[in-house]
Amino acid sequence: MTQKVAVLGTGKIGEALLSGMLRAGWAPENLLVTTRRPERAAELRERYGVETVTNPDAAKRADTLILACKPQDMGKLLEELAPHVTTDRLIISAAAGITTSFIEDRLAEGTPVIRVMPNTPVLVDEGMSVISAGSHATPAALTHAEEIFGAVGKTLHVPESQQDACTALSGSGPAYFFYLVEAMTDAGILLGLPRDKAHDLIVQAAIGAAVMLRDSGEHPVKLRENVTSPAGTTINAIRELENHGVRAALLSALEAARDRSRELAAG
Ligand SMILES: NC(=O)C1=CN([C@@H]2O[C@H](COP(=O)(O)OP(=O)(O)OC[C@H]3O[C@@H](n4cnc5c(N)ncnc54)[C@H](O)[C@@H]3O)[C@@H](O)[C@H]2O)C=CC1
Ligand SMILES: O=C(O)[C@@H]1CCC=N1
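Just so we're clear, the structure is a prediction, and the values are computed from it rather than from any experiment. (Residues numbered from 1 in each chain as written. Chains lettered and ligands numbered in written order. Predicted model: local features only at pLDDT ≥ 70, side-chain atom pairs only at ≥ 80, totals over all residues. Heavy atoms only, no water.)

**Things to note about the domain arrangement of the protein chain**
Rules: By convention here, the domain bounds are inherited from an automatic or database domain assignment. Think of a salt bridge as a Lys or Arg side-chain nitrogen and an Asp or Glu carboxyl oxygen that are within 4 Å of each other. Polar contact is defined as a pair of N or O atoms within 3.5 Å, subject to the rule that within protein one atom must be able to donate a hydrogen and the other to accept it, and that residues adjacent in sequence are counted only when both atoms are side-chain atoms. For this classification, the nonpolar set comprises Ala, Val, Leu, Ile, Met, Phe, Trp, Tyr, Cys and Pro, the charged set comprises Asp, Glu, Lys and Arg, and every other residue, Gly included, is treated as polar.
According to the domain assignment, the protein chain contains domain 1 (5-158) and domain 2 (173-265). A C-alpha centroid distance of 33 Å is found between domain 1 and domain 2. Here domain 1 is connected to domain 2 by 1 salt bridge. There are 1 residue pair in polar contact (both at pLDDT 80 or more) connecting domain 1 and domain 2. Each residue belonging to the side of domain 1 that touches domain 2 can be placed in one class, and the counts come to 5 nonpolar, 5 polar and 2 charged.

**Side note on the sheet that holds strand 6 (residues 113-117)**
The criterion, for reference: Two strands are counted as paired when DSSP detects at least two bridges linking them. The numbering of helices and of strands both runs from the N terminus, where a helix is a DSSP run of H or I of at least 4 residues and a strand a run of E of at least 2.
Strand order in the open sheet made by the 8 strands is 3-2-1-4-5-6-7-8, with mixed pairing throughout. Two strands close off the open sheet at either side, each with one partner strand: strand 3 (51-52) and strand 8 (153-157).

**With respect to the nonpolar core**
To be explicit about the condition: Residues belong to a common nonpolar core when they are buried Ala, Val, Leu, Ile, Met, Phe, Trp, Tyr or Cys residues joined through side-chain atoms within 4.5 Å. Burial classes: relative accessible area under 20% of the type maximum marks a residue as buried, over 50% as exposed, and values in between as partly exposed (1.4 Å probe, protein chains only). Here, two residues are considered to be in contact whenever any of their heavy atoms come within 4.5 Å of each other.
Counting residues in hydrophobic clusters, the biggest one holds 28 residues, and the most contacted among them are Val5, Leu18, Leu31, Ile92, Ile114 and Ile148. Elements that contribute at least two residues to this core include exactly strand 1 (5-8), helix 1 (12-23), strand 2 (31-34), helix 2 (38-48), strand 5 (90-93), strand 6 and helix 6 (139-150). Filtering out sequence-adjacent residues up to four positions away, leucine 31 remains in contact with Val5, Leu18, Met21, Leu22, Trp26, Val50 and Glu51. Counting 22 residues, the second largest nonpolar core, distinct from the first, contains Ala6, Val53, Ile98 and Leu107.

**With respect to the environment of threonine 54**
Assignment of secondary structure puts threonine 54 in the loop between strand 3 and helix 3 (55-61). Overall, the relative accessible area of 43% leaves threonine 54 in the partly exposed class. Each C-alpha atom, one on threonine 54 and one on arginine 214, is 42 Å from the other, the two residues being 160 residues apart in sequence. A polar atom in the side chain of threonine 54 sits 3.2 Å from the backbone nitrogen of aspartate 57.

**Observations regarding the UniProt feature "binding site: NADPH" (unreviewed entry) in the protein chain**
Definition in use: UniProt positions are given in the numbering used here, feature names are shortened, and annotations may be inferred rather than shown by experiment.
Under the local residue numbering, the UniProt record ascribes the feature "binding site: NADPH" (unreviewed entry) to Asn55. Looking at where asparagine 55 falls in the secondary structure, it is placed in helix 3. Residue classification places asparagine 55 among the buried positions, given a relative accessible area of 11%. Here asparagine 55 is in contact with Leu8, Thr34, Leu77, Glu80 and Leu81, once residues within four sequence places are set aside.

**Some words on the pattern of salt bridges**
Taken as a whole and judged by the stated rule, the model has 17 salt bridges. Glutamate 43 is paired through a salt bridge with arginine 47; the nearest N and O atoms lie 3.6 Å apart. In this pair, glutamate 43 and arginine 47 both sit in helix 2, 4 residues apart, roughly one turn of the helix. Overall, the relative accessible area of 34% leaves glutamate 43 in the partly exposed class. Exposure remark for arginine 47: the relative accessible area of 45% places this residue in the partly exposed category. Glutamate 51 serves as the salt-bridge partner of arginine 61, at 2.9 Å between the closest nitrogen and oxygen. Of the two residues, arginine 61 sits in helix 3 while glutamate 51 sits in strand 3, which places them 10 residues apart along the sequence. Taken together, the salt bridges that share partners define one network made up of Glu15, Arg40, Glu43 and Arg47.

Set out below in structure tokens:
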């Protein structure tokens, strides 16, 4: 039997996943999506040729339900789904903070649940999806989740106790790099460059640095040292970064993101 997958709460990350699954070769007729607003449903139907359904219909018709609403909306969505979800369904939650036990407690006893933290680079097939199994998820269910998320980037299994930290590093991670690019582009303006040139220079530096980090096998410290000539320009910039506590700011920032993920679990 062909497996049907439904994305419930198709906002930014839900749409990113949906588009990735279609790029990876999933047939549109095997994908269902749910939305809160009818205009959004029409947009997704038109853009991707997928069927839009209600949450109860998604639960009745799809084998795998990917829950992609905000953590704050999860309780209500599960209330709506509970009467229709049978234990032969696989539930995959992409919501920050929400634990597998939160979901298990609200659905039929024995329902398999998997928690996944993806990130927006799934849009360009360079995502990272961090996967943890709930109490009733079988190895086959985990393999299925890996197939879905592996089509749009890398996957990593972690114990669920590490998910809040992974959310801080990986789920939110792209935002920190976008923020740095935005700030460094402003620095280019300060130095008198046109914005478009400043943007292109920083984006290419980011791409080059990312590929080196991935492919060179060198430690980031070594890569940075290779750029930092004695009495040169880079060390002057590094001194300013140290003076302004950028390393400490990053430690605190990611800790704050991890703490927020924990808070979201509490509702
Ligand atoms: N944006 C990101 O980079 C990432 C987000 N996430 C998680 O994904 C989830 C969604 O985040 P975003 O896509 O950024 O938010 P979003 O607000 O763009 O999408 C959530 C969507 O769910 C819909 N929704 C809410 N309740 C619903 C219901 N009962 N039935 C149908 N649709 C419903 C909303 O209308 C909205 O379109 C969150 O739980 C977040 O923690 C996870 C990884 C990365
Ligand atoms: O900011 C958030 O809460 C979501 C989860 C990870 C990335 N975006």
